[in-house]
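# Observations on the model geometry
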Amino acid sequence: MKLILKTTVQQSYLQVWRGFDETLFRRLSPPFPPVRVVRFDGCLKGNIVELELNFFLFKQLWTSKITEQQGNVEEVFFIDEGVKLPFFLSYWRHHHRIIKDGEHTIIADEIEFRTPSILTDYLFYPLLYGQFLYRKPIYRNVFS
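To start, this report covers the structure provided alongside it. (Residues numbered from 1 in each chain as written. Predicted model: local features only at pLDDT ≥ 70, side-chain atom pairs only at ≥ 80, totals over all residues. Heavy atoms only, no water.)

## Observations regarding the sheet that holds strand 1 (residues 2–9)
Here seven strands make up an open sheet; going across it, the order is 1-7-6-5-4-3-2 and the pairing antiparallel. What marks the edges here is a single partner per strand, and that holds for strand 1 and strand 2 (35–40). Going across the sheet, the axis of each strand differs from the next one's by a mean of 20 degrees, ignoring polarity. Relative to strand 7 (residues 104–114), strand 1 runs antiparallel, the two being bridged by eight bridges. Bridge assignment links Val9 to a residue of strand 7, and that residue is Thr105. The strands touched by helix 3 (residues 118–133) within the sheet are strand 1, strand 6 (91–101) and strand 7, with strand 1 carrying the most contacts at an inclination of about 10 degrees. (Pairing = 2+ DSSP bridges. Helix = DSSP H or I, 4+ residues; strand = E, 2+ residues; numbered from the N terminus. Axes fitted to C-alpha atoms, helices over the stretch in contact; angles between N-to-C directions. Contact = heavy atoms within 4.5 Å.)

## Points about the nonpolar core
Here is a general trend for soluble globular proteins: nonpolar side chains tend to be buried in one another's company. One finds Phe20, Trp92, Tyr139 and Phe143 to be the most contacted residues of the largest nonpolar core, which totals 33 residues. With residues up to four places along the chain from it excluded, the contact list for Phe20 reads Cys43, Phe78, His96, Ile98, Ile107, Tyr139 and Phe143. (Core = buried A, V, L, I, M, F, W, Y, C linked by side-chain atoms within 4.5 Å. Buried < 20%, exposed > 50% of the residue type's maximum accessible area, 1.4 Å probe, protein only.)

## Thoughts on unusual backbone geometry
Note the cis peptide between Phe32 and Pro33, where omega equals -5 degrees. Along the polypeptide, Pro33 turns up in the loop between helix 2 (22–28) and strand 2. Here Phe56, not a glycine, exhibits a phi torsion of approximately 70 degrees, which is positive. Within the element layout of this structure, Phe56 appears in the loop between strand 3 (48–54) and strand 4 (59–71).

## Topic: the packing of aromatic side chains
Scanning the model with the defined rule gives 15 aromatic pairs in all. Between Phe88 and Phe124, the ring centres sit 5.2 Å apart and the planes meet at 10 degrees, which makes this aromatic pair stacked. With Phe88 in the loop between strand 5 (75–84) and strand 6 and Phe124 in helix 3, this pair connects stretches of sequence that are 36 residues apart. Counting every residue linked through ring pairs, the aromatic cluster contains Phe32, Phe55, Phe56, Phe58, Phe87, Phe88 and Phe124. The aromatic ring of Tyr91 is capped on one face by Arg114, whose charged end is 4.1 Å from the ring centroid. (Phe/Tyr/Trp six-rings, centres within 6.5 Å; stacked < 30°, edge-to-face > 60°. Lys NZ or Arg CZ within 6 Å of the ring centre and 35° of its normal.)

## Focus: the pairing of strand 6
Relative to strand 6, strand 5 runs antiparallel, the two sharing seven bridges. The partner of Val76 across the bridge, within strand 6, is Ile98. Here strand 5 hands over to strand 6 after six residues, the two strands then running antiparallel side by side. What sits between strand 6 and strand 7 in their antiparallel hairpin is a turn of two residues, with Gly102 showing a positive phi close to 65 degrees.

## Thoughts on the side chain of Asp109
The residue Asp109 is located in strand 7 in this model. Looking at Asp109, the relative accessible area reads 2%, which means it is buried. Polar contacts involving the side chain of Asp109 include one to the side chain of His94, which spans 2.8 Å. Here the side chain of Asp109 touches Tyr139 through a polar contact of 3.3 Å, side chain to side chain. Apart from the residues within four sequence positions on either side, Asp109 is in contact with Leu3, Ile4, Leu5, His94, His95, His96, Phe132, Arg135 and Tyr139. (Polar contact = N/O pair within 3.5 Å; in protein donor to acceptor, adjacent residues only side chain to side chain.)

Structure (structure tokens):
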């Protein structure tokens, strides 16, 4: 399944790129499930991000590795791929794009995911969409 959300913000793409740090990452975490950042190396190739998701009755670890990061005069991007995923995901690839748009920037979250079955792919789609829709006002607030 693929999911794409785009948010236009008021700062330059290089300012936005510099703002992609652990503080922003923590702000982007939705209220449920509560997330504890176990490890956040950054957004460069080879960096690791490890999270603990708390579902109250049980916890799940989610580890992603930044597998690619590049930039040019039009955009900066990085890709995180799931290494250790919660039981409800079998594949995760998140392409974070920070795209120059004149004096503004478009932040694009392009996600490809799979769950253990096609049925649960369709059930999880609206849940994940909501999780990433939650980010839009935060991006606008942080990068206004």
